[in-house]
Amino acid sequence: MSTFGSLYRVTTFGESHCKAVGVIVDGCPPGLPLTEDDVQPQLNRRRPGQSNLTTPRDEKDKVVILSGTEKGFSLGTPIAMQVPNLDQRPHDYGEMDYYPRPSHADYTYLEKYGIKASSGGGRSSARETIGRVAAAAVAEKYLRLTHGIEVVAFVNSIGNISLDPTTHFAVPEDAESWMQRWQNWWSTLANVTRAQVDATEVRCPDPDVANRMRARIVEAKEASDSIGGTVVCVIRNLPRGLGEPAFDKLEAKLAHAMLSIPATKGFEIGSGFAGTTVPGHIHNDPFVKKEDGSLGTKTNFSGGIQGGISNGENVYFKVAFKPAATIGQPQETTTYGGTDGVLAAKGRHDPSVLPRAVPIVEAMATLVVMDALLVQLSRKSAMQLLPKEGVPAVLTGELEKSR
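Bear in mind that the values here come from a model prediction, so they are computed numbers and not experimental data. (Residues numbered from 1 in each chain as written. Predicted model: local features only at pLDDT ≥ 70, side-chain atom pairs only at ≥ 80, totals over all residues. Heavy atoms only, no water.)

S.K.: Whenever I open this one, the sheet that holds strand S3 (residues 20–26) confuses me. Can you help?
M.R.: What holds strands together in a sheet is hydrogen bonding between their backbones, with the strands either parallel or antiparallel. In spatial order, the strands read S1-S2-S3-S7-S4; together these 5 strands make up an open sheet with antiparallel pairing. Where the open sheet ends on each side, the last strands, each with one partner, are strand S1 (3–4) and strand S4 (64–67). Relative to strand S2 (residues 9–13), S1 runs antiparallel, the two sharing 2 bridges. In the sheet register, threonine 3 faces S2, and the bridge partner there is threonine 11. (Pairing = 2+ DSSP bridges. Helix = DSSP H or I, 4+ residues; strand = E, 2+ residues; numbered from the N terminus.)

So this is what it looks like as structure tokens:
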């Protein structure tokens, strides 16, 4: 479906070569200061043509807010936003009339709907994500103003070139050095900024690693090929208590959101697959009392979520993106009728989708958090209306205070 969320509901519309793409946001709290200037920066980070590492399609992606605001404030009514498709070249896709492109959605969309867009990827195109990014920019401002929540993503790997020092699963003989690698990684996640991420065109915050990644992307581009990788995202200052067990756990909603992004092929949270290789006495996150008097954890292998609910630590996860399916090399395939042939793809495409995927990952994480926060705030508001007398201390975690 084209709608995401429960209380903060986002419905995107448009295809890759139609007149415009956009989004309708239902559930934005009224009174939020909001203009196009709040939305445009994230769209600028997502738009094509930013460097020679991305598609040369020249779209300005200028957003217009059509409804839901007045005099610079949200009204609480649906917010409609639209971005025109200006640099359309549907004639680049003539061969699609005969061939389903390898690893694209042409064939599966035709099988599902009995009809397909004849140019570009239609709804499966990354142009659809413009609406997600716009909707998330609205939510991001609310989260920042009310809770100081920060969402930062960056390119973690291109091919086999990786920033993450915990990528190697095995615990070395010196378990202390293995733990130190994790401590260093958690420090990186706690301090990385969007300014650091955007300082390199690859969107990797480490300049040396970014240069190696850039060379690998250029190598793929010169070979008329593509290369995949991973994006890491961290959510900071997240309130405790977000997530709805049993089926809408916070990590489940994040996985759902991330795997809805075009070209994604994998998701892991916290220690992820690396955590499966160590014993529990190493992997468990002991609780400690923090300076503000609240409980926290000494380590964060859980990735800020336990039992499907945020625990107040940084939430972090990794998303895998496949190599872009459209490449310039001729590929042996068949027509829709089953006749063997060779497809030489035309059009303008990314040798790696990773740099432009960063704001999309941030957007989907923001939408999940916004929806979860509104659900939890509604629960708390309802609970506060009830009398508090008589509730046993053993049920409220205050047994120690009652001694």
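Next, the rest of the story.
S.K.: Any chance you could explain the sheet that holds strand S10 (residues 229–236) here in plain terms?
M.R.: Read from one edge to the other, the open sheet built from 5 strands follows the order S9-S8-S10-S16-S11, with strand pairing classed as antiparallel. Bordering the open sheet on either side are strand S9 (161–162) and strand S11 (264–269), each of which pairs with just one other strand. Pairing between strand S8 (residues 150–158) and S10: 8 bridges, direction antiparallel. Bridged to alanine 153 within S10 is cysteine 233. Packing against the sheet, helix H6 (residues 207–222) makes contact with S8 and S9, and its axis sits at approximately 55 degrees to S8. Strands in contact with helix H9 (residues 354–383) are S8, S10 and strand S16 (315–321); relative to S8, the strand with the most contacts, it is inclined by about 145 degrees. (Contact = heavy atoms within 4.5 Å. Axes fitted to C-alpha atoms, helices over the stretch in contact; angles between N-to-C directions.)

S.K.: Whenever I open this one, the packing of helix H7 (residues 250–259) against H9 confuses me. Can you help?
M.R.: The description of two helices packed together rests on the angle between their axes and the distance between the axes. Axis separation between H7 and H9 bottoms out at 9 Å; the angle between their running directions is 145 degrees. For the pair H7 and H9, the sense of crossing is right-handed. Here Leu250, Lys253, Leu254, Ala257 and Met258 of H7 lie close against H9, whose contacting residues are Val361, Met364, Ala365, Val368 and Ala372. For the contact of H7 with H9, a count of residues per class yields 9 nonpolar, no polar and 1 charged. (Left-handed = near helix turned anticlockwise from the far one by under 90°. Nonpolar A, V, L, I, M, F, W, Y, C, P; charged D, E, K, R; others polar.)

S.K.: What should I look at first to understand the nonpolar core in this one?
M.R.: Taken as a class, soluble globular proteins show a tendency for nonpolar side chains to be buried jointly. Membership of the largest hydrophobic core comes to 94 residues, with the highest contact counts inside it found for Tyr8, Met81, Ile235, Leu254, Met258 and Phe317. For this core, the leading source of residues is H9, giving 15 residues. Discounting residues that sit within four places of it in the chain, tyrosine 8 has contacts with Val25, Asp26, Gly27, Cys28, Ala135, Val138, Ala139, Leu367, Met370, Asp371 and Leu374. (Core = buried A, V, L, I, M, F, W, Y, C linked by side-chain atoms within 4.5 Å. Buried < 20%, exposed > 50% of the residue type's maximum accessible area, 1.4 Å probe, protein only.)

S.K.: Looking at this model, I keep getting lost on the pattern of salt bridges. Mind explaining?
M.R.: Pairing between side chains of opposite charge can happen when their charged atoms approach one another. Under the criterion given, the structure shown has 18 salt bridges. Residues arginine 45 and glutamate 362 are paired through a salt bridge, measuring 2.7 Å at the closest nitrogen-oxygen approach. Residue arginine 45 is found in helix H1 (residues 36–46), and its partner glutamate 362 is found in helix H9; the two are separated by 317 residues along the sequence. Assigned by exposure class, arginine 45 and glutamate 362 land together as buried. We note a salt bridge from aspartate 164 to lysine 318, for which the minimum N-O separation is 2.9 Å. Linking aspartate 164 in the loop between S9 and helix H4 (175–191) with lysine 318 in strand S16, this pair joins segments that are 154 residues apart in sequence. With a relative accessible area of 7%, aspartate 164 lands in the buried category. By relative accessible area, which is 15% here, lysine 318 ends up buried. (Salt bridge = Lys/Arg side-chain N within 4 Å of Asp/Glu carboxyl O.)

S.K.: Is there a simple way to explain the packing of aromatic side chains in this structure?
M.R.: In this description, a pair of aromatic rings is defined by centroid distance and the angle of the planes. Within the structure shown, the criterion is met by 8 aromatic pairs. A ring pair is formed by tryptophan 182 and phenylalanine 301, whose centres lie 5.3 Å apart and whose planes are at 70 degrees; its orientation type is edge-to-face. Taken together, the positions of tryptophan 182 in helix H4 and phenylalanine 301 in the loop between strand S13 (295–297) and strand S14 (305–306) put the pair 119 residues apart, joining distant regions of the chain. Under the relative-accessibility criterion, phenylalanine 301 is labelled buried at 1%. For the pair tryptophan 186 and phenylalanine 301, a centre-to-centre distance of 5.0 Å together with 70 degrees between the ring planes defines the contact as edge-to-face. Placement of tryptophan 186 in helix H4 and of phenylalanine 301 in the loop between S13 and S14 is noted, with a sequence separation of 115 residues between them. The class of tryptophan 186 is buried, set by a relative accessible area of 11%. Among the aromatic side chains, those forming a connected cluster through ring pairs are Trp178, Trp182, Trp186 and Phe301. Between the NZ or CZ atom of lysine 112 and the centre of the ring of tyrosine 113, over which it lies, the distance is 5.7 Å. (Phe/Tyr/Trp six-rings, centres within 6.5 Å; stacked < 30°, edge-to-face > 60°. Lys NZ or Arg CZ within 6 Å of the ring centre and 35° of its normal.)

Just distances and angles here, no functional claims.
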